[in-house]
Structures are given as C-alpha cells and as structure tokens.
Amino acid sequence: MNAPPSLIRYDTSPRSDLVRFFRVFRLAGRDLFEQMFVLGLTNIAAMLLLGAWTALPQLLPLAAFAPPLLAGLWSAAARVARAEETSFHDVWEGAQDHFARSWLLAAVSVVVYGVVWMNITFYTQENVPLPFEAGPWVVTLLLTFWLLAGIFWTLYWSYILAWLTFEEPHLWPALKGAAWLLISHGPFT
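Figured I'd write up the structure that's included with this text. Keep in mind it's a predicted model, so treat the numbers as computed, not measured. (Residues numbered from 1 in each chain as written. Predicted model: local features only at pLDDT ≥ 70, side-chain atom pairs only at ≥ 80, totals over all residues. Heavy atoms only, no water.)

As a further point, take the packing of aromatic side chains. Counted under the stated rule, the structure contains five aromatic pairs. Look at Phe37 and Phe88: their rings are 5.8 Å apart centre to centre, the planes differ by 75°, and that puts the pair in the edge-to-face class. In this pair, Phe37 is assigned in helix H1 (residues 16-55) and Phe88 in helix H3 (residues 88-97), connecting sequence segments 51 residues apart. Here Phe37 falls in the exposed class, since its relative accessible area comes to 56%. Judged by centre distance (5.1 Å) and plane angle (80°), the rings of Phe145 and Trp146 are edge-to-face. (Phe/Tyr/Trp six-rings, centres within 6.5 Å; stacked < 30°, edge-to-face > 60°. Helix = DSSP H or I, 4+ residues; strand = E, 2+ residues; numbered from the N terminus. Buried < 20%, exposed > 50% of the residue type's maximum accessible area, 1.4 Å probe, protein only.)

Of the residues making up H3, those classed as buried are Asp90, Val91, Gly94 and Ala95. An end-on view of H3 places all buried positions within 140° of arc, on one side of the element. Exposed residues on H3 whose side chains face more than 90 degrees from its buried face are Trp92 and Asp97. (Arc of directions from axis to C-beta.)

With respect to the helices, strands and loops of the structure, Thr86 is situated in the loop between helix H2 (66-81) and H3. At a separation of 3.4 Å, a polar atom in the side chain of Thr86 contacts the side chain of Asp90. For Thr86, the contacting residues outside a window of four places in its chain are Gln35, Val38, Ala76, Arg79 and Val80. (Polar contact = N/O pair within 3.5 Å; in protein donor to acceptor, adjacent residues only side chain to side chain. Contact = heavy atoms within 4.5 Å.)

This part takes up the side chain of Thr42. Secondary-structure assignment places Thr42 in helix H1. Look at Thr42 and you get buried, because its relative accessible area is 4%. Reaching out from Thr42, the side chain makes a polar contact with the backbone oxygen of Val38 at a distance of 2.7 Å.

Turning our attention to the environment of Ala179. Mapped onto the elements, Ala179 comes out in helix H6 (residues 171-184). Of the residues examined, Ala179 reaches a relative accessible area of 25% and is grouped as partly exposed. For Ala179 and Ile160, which are 19 residues apart along the polypeptide, the C-alpha to C-alpha distance reads 8.0 Å.

The subject of this paragraph is the nonpolar core. If you look at the biggest cluster of nonpolar residues, it comprises 24 residues, and the most contacted ones within it are Tyr156, Ile160 and Leu164. Those elements giving two or more residues to this core turn out to be H1, H2, helix H5 (136-166) and H6. What Tyr156 contacts, discounting residues up to four positions off in sequence, is Leu175, Ala178, Ala179 and Leu182. Judged by nonpolar contacts, the second largest core, of seven residues, contains Val116, Tyr123, Val139 and Trp146. (Core = buried A, V, L, I, M, F, W, Y, C linked by side-chain atoms within 4.5 Å.)

In this structure the tally under the stated criterion is two salt bridges. Here Glu84 ties to Arg79 by a salt bridge, and the two come within 3.3 Å at their closest N and O atoms. For Glu84, a relative accessible area of 30% puts it in the partly exposed group. In this structure, Arg79 engages Asp90 in a salt bridge whose closest nitrogen and oxygen atoms are separated by 3.2 Å. (Salt bridge = Lys/Arg side-chain N within 4 Å of Asp/Glu carboxyl O.)

Following this line, the structure appears as structure tokens:
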C-alpha cells in the first residue's frame, strides 16, 4: 500500500539550508547596498516632512507632501522586493500613482488619531465624569483601551499603505487585506 505524498519536503542533504541561507544573505546584502541610497534618502525625507513641523510649526505645510512620499517609498520598496532596480524616478511615479489614495488614508488617520487623542485627554483628567457609578479601575481600563486603539491603528495604517502599493490599488480591498494581514500575522506585526 502506497502512502499519500507528503506536503512537507524532506531534504536529506545537510548543506541545503546553509546554502540557501548564504544565497538569501548574499542577495539581501546586494539589494541593501544597491537600493540603500534611494530608499534611505526617501525615508529620511519622509520622516523629516512628517516631524519637522513639530519643532517649527511654520513648516506644517511641508507635511502635506509626506503621505504621497511615503506611498512612493512603499512603491519603490515593492520594486526592490520583486528584485527590480529602483531610482528616485520610481519613487516619484509611485507618489503620483498613489497620491489621492495616500491622502485619503492620511485624512482618515487624522480623524482616527484625533478621536484617540480626545479620549486619552478625557480619561487622563483628575476627575472623569462618567454617566454611571464605577471604580477608578474603569477609567484605567478605558484609558488603556484608547492607548491600544492608537497603537493598533498605527500598525494597521502601515499595512494598508503596503497593501495599496504592493497588492491592490483600490482602498476598500486594501483595508480588508490589511486587516487580514494584521490579524493573521500577529508575530510579524
């Protein structure tokens, strides 16, 4: 009687994993050095656009360029993941391709972070007026919930942007795909 074929591939050669490791390590190192200039400078520019206005509020209008630049960065990273060459022109094209979607996602994020910030501010008051009798642990529980909601949205947002640039150019399927990634790949998140 023949046993059904196994879905697990048994490799008896002792060197196979080591050879595969060095090949992946070599390819990752090559991609790192070849693409580091484009991706590194784009990342620095995006972070400066996102954070410079906190130090100098006059620079707030520059933050308007951050969402498309981040989408362009993710688009260039998608090309690197597919083992394609990338350049600043690819970042520019990615920013143009995902301009409206990145801005829509940024607007939703501003609303979500605003709601989270208002609730955190409310629950950190000295005397929180609740519509029911409750102990102080309820306020701590609600504050913890809103802190975790902010962390969750930050993780979810990065998956949405990645899904928009890697997989699906439409926002609603990207929201569903990002939710699936966030829930199904917990340790990576």
